[in-house]
Amino acid sequence: MTTRHGGDIKNAALAREGVARIEWAAREMPVIRQIRERFAKEQPLKGIRVTACLHVTSETANLMLALRDGGADIRLTASNPLSTQDEVAAALMVEYGIPTFAIKGETTAIYNQHLEAAVLHRPQITMDDGADVVALIHKTRRDLLSDIVGGTEETTTGVIRLKALAAQGQLAYPIIAVNEANTKHFFDNRYGTGQSTLDGITRATNILLAGKNFVVCGYGWCGKGVAMRARGLGAQVIVTEVDPLRGLEAVMDGFQVMPIAQAAPIGDIFVTVTGDVNVLDRPSFEVMKSGAVMANSGHFDAEINLKVLAEMSESRRGLRPFVEEYRLTDGRALVVLAEGRLVNLGAAEGHPASVMDMSFANQALCAEYMVQNHASLSNAVYDVPRVIDDEIARLKLDAMGVRIDTLTEEQERYLNSWELGTE
Ligand SMILES: NC(=O)c1ccc[n+]([C@@H]2O[C@H](COP(=O)([O-])OP(=O)(O)OC[C@H]3O[C@@H](n4cnc5c(N)ncnc54)[C@H](O)[C@@H]3O)[C@@H](O)[C@H]2O)c1
């Protein structure tokens, strides 16, 4: 339903439920809370038009409130057709007055219409998760470029797209790669994706993981977390990789590492987290066990070749929410979760608030940094300034009640000198 606020959500009547959910997440987001309080006083984003394209979840809502209280004029649109929490979208619109364009399960056509609607207020800052807003503006809305001072990008895949755009000399404004902050990918990609991917799989299927052959494709930050948590639940974890260093790391972390051709016939559950395309494809489908379950936690729904799987199948049926069985012409059945889209957001609730606290603290502080420093930045993809990263880690530790040591003067001198060696 479209509303007088100019957004498009499923049902405004869900707003109260959404508020409760947003407040629940806030309990685990002390860093964002502190930033919100400071923003409310200092108004660093006063009057700044922001288009945010993020998963519309309770954690994102807390970021939106921090930006709004900092003075920003925001439009929020979903960064994935399946990841929206409809009650949160309703609360943002109805209770907090933030125009939101997001309906869980929207078609790709609606998804794109939402993106287009969210840039109609001519953003000065774009905040992406997967670079869809940047791509839209660069492809079809170049007229908006004159107003934009900069942007931020949340995830690995978006950073890869933006670096490709910059390498071609086409990137038209500076972007800060939030994903590259240590306080983002060390925690969000690893612990967040790790826990929530397993959560999505178990909520969707309720299958016992203990004793299952659990294949993790990709041993990057996300893959490490998924493998670690699957092992914790008793699965036999197998890792596939294309990068020798990451393959070696997985071996030394105690996992079996093998090519996908070898893993495909023995896996019970497969999770792709590579950011790559067609990681599970016809050769794997041809040899998988009947009943094998496939899920993706990489950004785009491109990691499992569902087009080919559909071609190989004589029928499809939904067995439970987010569980679809493909009946192959040879009689085997292969199962796909959440339509091959991010399973942790599709079939569960995405990352726990505590990690999003840090990821979104980076978003908020980088938006502020961009407003203050854009004049000195060129059209490139920048890392998050180290001071911001350190500040977020410090705030998070403080909030957790954990204290650490400080270097003594002697240690500081020693660590900054080259003269002292073997004595
Ligand atoms: N589900 C979520 O909520 C969530 C959160 C953060 C990131 N992501 C997404 O997850 C994906 C992975 O992110 P990351 O931070 O782990 O990236 P990363 O670059 O650290 O790791 C990806 C790994 O996949 C490997 N890989 C590439 N192609 C492969 C193939 N064909 N077979 C096996 N391995 C292959 C790479 O060598 C690399 O080690 C990205 O798309 C990212 O945007 C999802």
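A word on the nonpolar core. One finds V56, L63, M64, L67, L92 and M127 to be the most contacted residues of the largest nonpolar core, which totals 55 residues. In terms of residue count, helix α15 (residues 353-373) provides more of this core than any other element does, 11 residues in total. Beyond its immediate sequence surroundings of up to four residues, L92 is in contact with V56, A61, M64, L76, G97, I98 and T100. Judged by nonpolar contacts, the second largest core, of 28 residues, contains V226, V323, A338 and A347.

Here we come to the pairing of strand β12 (residues 313-320). Pairing of β12 with strand β13 (residues 323-328) involves six bridges; the strand directions are antiparallel. Bridging across to β13, R316 finds its partner in Y326.

Our focus in this paragraph is the environment of R36. Counting through the fold element by element, R36 comes out in helix α2 (residues 30-42). When the C-alpha positions of R36 and L67 are compared, they lie 7.3 Å apart, and in sequence the two are 31 residues distant. With near-sequence residues (within four places) excluded, R36 lies in contact with L65, A66, R68 and D69.

Moving on to the packing of α2 against helix α16 (residues 386-400). Between two packed helices, both the angle of their axes relative to each other and the distance between the axes serve to describe the pair. Here α2 crosses α16 at 115°, and the two axes come no closer than 9 Å. With respect to α16, the element α2 is oriented roughly perpendicular. Handedness of the α2/α16 crossing: right-handed. Across the interface between the two elements, P30, V31 and Q34 of α2 pack against I392, L395, K396 and A399 of α16. For the contact of α2 with α16, the per-class residue count stands at five nonpolar, one polar and one charged.

The sheet built from eight strands is open, its strands ordered β9-β8-β7-β10-β11-β14-β13-β12 with mixed pairing. Single-partner strands in this sheet number two, and they are β9 (256-257) and β12.

It is worth spelling out the site of the ligand at this point. Taken together, 26 residues are adjacent to the ligand, and T155, T157, E241, R246 and S297 come closest. At 2.7 Å from an oxygen atom of the ligand is found a side-chain nitrogen or oxygen belonging to T155. In the environment of the ligand, an oxygen atom lies 2.8 Å from a nitrogen or oxygen atom belonging to the backbone of C222. The protein chains hide 87% of the 860 Å² of surface that the ligand would expose on its own. Among the elements of the structure, α7 (156-167), α8 (182-205) and α9 (221-232) are those that each provide at least two residues to the shell around the ligand. The element best represented in the shell around the ligand is α8, accounting for three residues. Along the lines of polarity and charge, the residues of the shell around the ligand split into six nonpolar, 15 polar and five charged.

Attention shifts here to the environment of L209. On the secondary structure map, L209 appears in the loop between α8 and β7 (213-217). By relative accessible area, which is 3% here, L209 ends up buried. Expressed as a C-alpha distance, the spacing of L209 and R231, which sit 22 residues apart in the sequence, is 8.9 Å. Residues contacting L209, with those up to four places away along its chain left out, are L198, T202, F214, L233, G234, A235 and I269.

Here the focus is the sheet that holds strand β5 (residues 150-153). Spatially, β3-β2-β1-β4-β5-β6-β15 is the arrangement adopted by the seven strands of the open sheet, whose pairing is parallel. The open sheet has two edge strands, β3 (100-101) and β15 (381-383), and neither has a second partner. Both strand β6 (residues 175-177) and β15 contribute to a ladder of three bridges, which runs parallel. By the bridge assignment for β15, I175 is matched with V381. On the sheet, helix α3 (residues 58-69) packs against β1 (49-54), β2 (73-78) and β4 (125-128) and is oriented at approximately 165° with respect to β2.

Turning our eyes to something else, we now look at the packing of α2 against α15. Packing of α2 against α15 brings their axes to within 8 Å, and their N-to-C directions diverge by 25°. Looking at the two axes, α2 sits roughly parallel to α15. Crossing of α2 over α15 shows left-handed handedness. The residues of α15 that touch α2, namely those facing P30, V31, I32, I35, R38, F39 and E42, are D357, F360, A361, A364, L365 and E368.

We now examine unusual backbone geometry. Not every positive phi belongs to a glycine, and A131 is a case in point at roughly 70°. For A131, the location among the structural elements is in the loop between β4 and α6 (132-139). The backbone of N206 sits at a positive phi, close to 55°, despite the residue not being glycine.

What follows is about the packing of aromatic side chains. Counting across every chain of the model gives four aromatic pairs. Relative to F255, the ring of Y219 has its centre 5.8 Å away and its plane inclined at 65°; by these criteria the two rings are edge-to-face. Of this pair, Y219 sits in the loop between β7 and α9 while F255 sits in the loop between α10 (244-252) and β9; the two residues are 36 residues apart in sequence, bridging distant segments of the chain. One exposure class covers both Y219 and F255, and it is buried. One cation-aromatic arrangement involves R190 over F186; the distance from NZ or CZ to the ring centre is 5.8 Å.

Conventions used here
Residues numbered from 1 in each chain as written. Predicted model: local features only at pLDDT ≥ 70, side-chain atom pairs only at ≥ 80, totals over all residues. Heavy atoms only, no water. Core = buried A, V, L, I, M, F, W, Y, C linked by side-chain atoms within 4.5 Å. Buried < 20%, exposed > 50% of the residue type's maximum accessible area, 1.4 Å probe, protein only. Helix = DSSP H or I, 4+ residues; strand = E, 2+ residues; numbered from the N terminus. Contact = heavy atoms within 4.5 Å. Pairing = 2+ DSSP bridges. Axes fitted to C-alpha atoms, helices over the stretch in contact; angles between N-to-C directions. Parallel < 35°, antiparallel > 145°, perpendicular 65-115°, else oblique. Left-handed = near helix turned anticlockwise from the far one by under 90°. Nonpolar A, V, L, I, M, F, W, Y, C, P; charged D, E, K, R; others polar. Near = heavy atom within 4 Å. Polar contact = N/O pair within 3.5 Å; in protein donor to acceptor, adjacent residues only side chain to side chain. Areas by Shrake-Rupley, 256 points an atom, 1.4 Å probe, with all protein chains shown as cover. Phe/Tyr/Trp six-rings, centres within 6.5 Å; stacked < 30°, edge-to-face > 60°. Lys NZ or Arg CZ within 6 Å of the ring centre and 35° of its normal.

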